[in-house]
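Inside the fold
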Amino acid sequence: MPTPDHPPGAPGATVSDTPVPAGGAGAVTITSAGAAGGGGPGGPGAEIPGYDLLGELGRGGMGVVYKARQRTLNRVVALKTLLRADTSDRVFAARFLAEAEAVAAVRHRHVVQVYEFGHAGGLPFLAMEYLPNGSLAGWLGSAPRPSPAAAAALVGKLARGVAAAHDQGIVHRDLKPG
């Protein structure tokens, strides 16, 4: 996953600044479909205290990633929650925790940093570094297209980030541009 020092944001994420209302003062409310609103995997109106949703960044096989503000430090973060409504599935929840621990173990300028992992109302969440420059797919599809030199430089950065993860025994199985 790239860091803010190069053009695209995290692979697999798309940026949308469509506001998503938070439920209650300083809390995020997530529904079982992963959208903000009432009700959710942690029960009706499950909230993540201390975070305000600013928009949805993307969806993957395991979860939804939101742009959110962490109120305690007044910083923008990427907040990932499980997509599946049945968070009681221990295997699925264990994979989510393993992802959080794996990313947190890697310290490299081309890998996002994990800030917090927790549960709120039975809903597992992961707060990580927010990358403001959009998605890799968006950058690659932009006009004019990136030059071969810019694309090669990006591939080098991605490869160094993946190598840092590999050095920690982590194999990234879902690296994609969009």
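What you are looking at is a predicted structure, and each value in this text was computed from that prediction instead of being measured. (Residues numbered from 1 in each chain as written. Predicted model: local features only at pLDDT ≥ 70, side-chain atom pairs only at ≥ 80, totals over all residues. Heavy atoms only, no water.)

The strand order across the open sheet built from five strands is E3-E4-E5-E7-E6, with neighbouring strands paired in antiparallel fashion. Lying at the two open borders of the sheet, with one neighbouring strand each, are strand E3 (51-59) and strand E6 (114-120). Taking each pair of neighbouring strands and ignoring which way they run, the sheet shows an average axis angle of 25°. (Pairing = 2+ DSSP bridges. Helix = DSSP H or I, 4+ residues; strand = E, 2+ residues; numbered from the N terminus. Axes fitted to C-alpha atoms, helices over the stretch in contact; angles between N-to-C directions.)

Scanning the entire structure with this criterion turns up three salt bridges. Between Lys80 and Glu99 there is a salt bridge; the shortest N-O distance is 2.8 Å. Here the residue Lys80 occupies a position in strand E5 (residues 75-82), and Glu99 occupies one in helix H1 (residues 90-105), the gap between them amounting to 19 residues. (Salt bridge = Lys/Arg side-chain N within 4 Å of Asp/Glu carboxyl O.)

With that out of the way, let us pick up the packing of aromatic side chains. For any pair of aromatic rings, the description rests on two quantities: the centre-to-centre distance and the angle between the ring planes. Here the structure, examined in full by the defined rule, presents one aromatic pair. Residues Tyr51 and Phe125 carry aromatic rings whose centres are separated by 5.8 Å and whose planes lie at 65° to one another, so their mutual orientation is edge-to-face. Of this pair, Tyr51 sits in strand E3 while Phe125 is found in strand E7 (residues 123-129), placing the two residues 74 residues apart along the sequence. By relative accessible area, Tyr51 is classed as buried at 2%. (Phe/Tyr/Trp six-rings, centres within 6.5 Å; stacked < 30°, edge-to-face > 60°. Buried < 20%, exposed > 50% of the residue type's maximum accessible area, 1.4 Å probe, protein only.)

This brings us to unusual backbone geometry. One non-glycine residue, Asn74, adopts positive backbone phi at about 50°. Residue Asn74 is classed as exposed on the basis of its relative accessible area of 55%.

With respect to the helices, strands and loops of the structure, Gly121 is situated in the loop between E6 and E7. The class of Gly121 is partly exposed, set by a relative accessible area of 49%.

Attention shifts here to the pairing of E3. Across seven bridges, E3 lies against strand E4 (residues 63-70) in antiparallel orientation. Of the residues in E4, the one forming a bridge with Gly55 is Lys67. The loop that links E3 with its antiparallel partner E4 comprises three residues.

This part covers the environment of Trp139. Inspection of the secondary structure puts Trp139 in helix H2 (residues 136-140). Between the alpha carbons of Trp139 and Ala151 there is a distance of 9.9 Å; along the sequence they are twelve residues apart.

Taken across its eight residues, E5 has six buried, putting it largely inside the fold. As paired elements, E4 and E5 share eight bridges and run antiparallel to each other. Pairing of Ala68 across the sheet is with Val77, part of E5. Linking two consecutive strands that pair antiparallel, namely E4 and E5, is a turn of four residues; a positive phi of about 50° is found at Asn74 within it. Where E5 lies against E7, five bridges are found, and the strand directions are antiparallel. Note that in E7 the partner of Lys80 across the bridge is Leu126.

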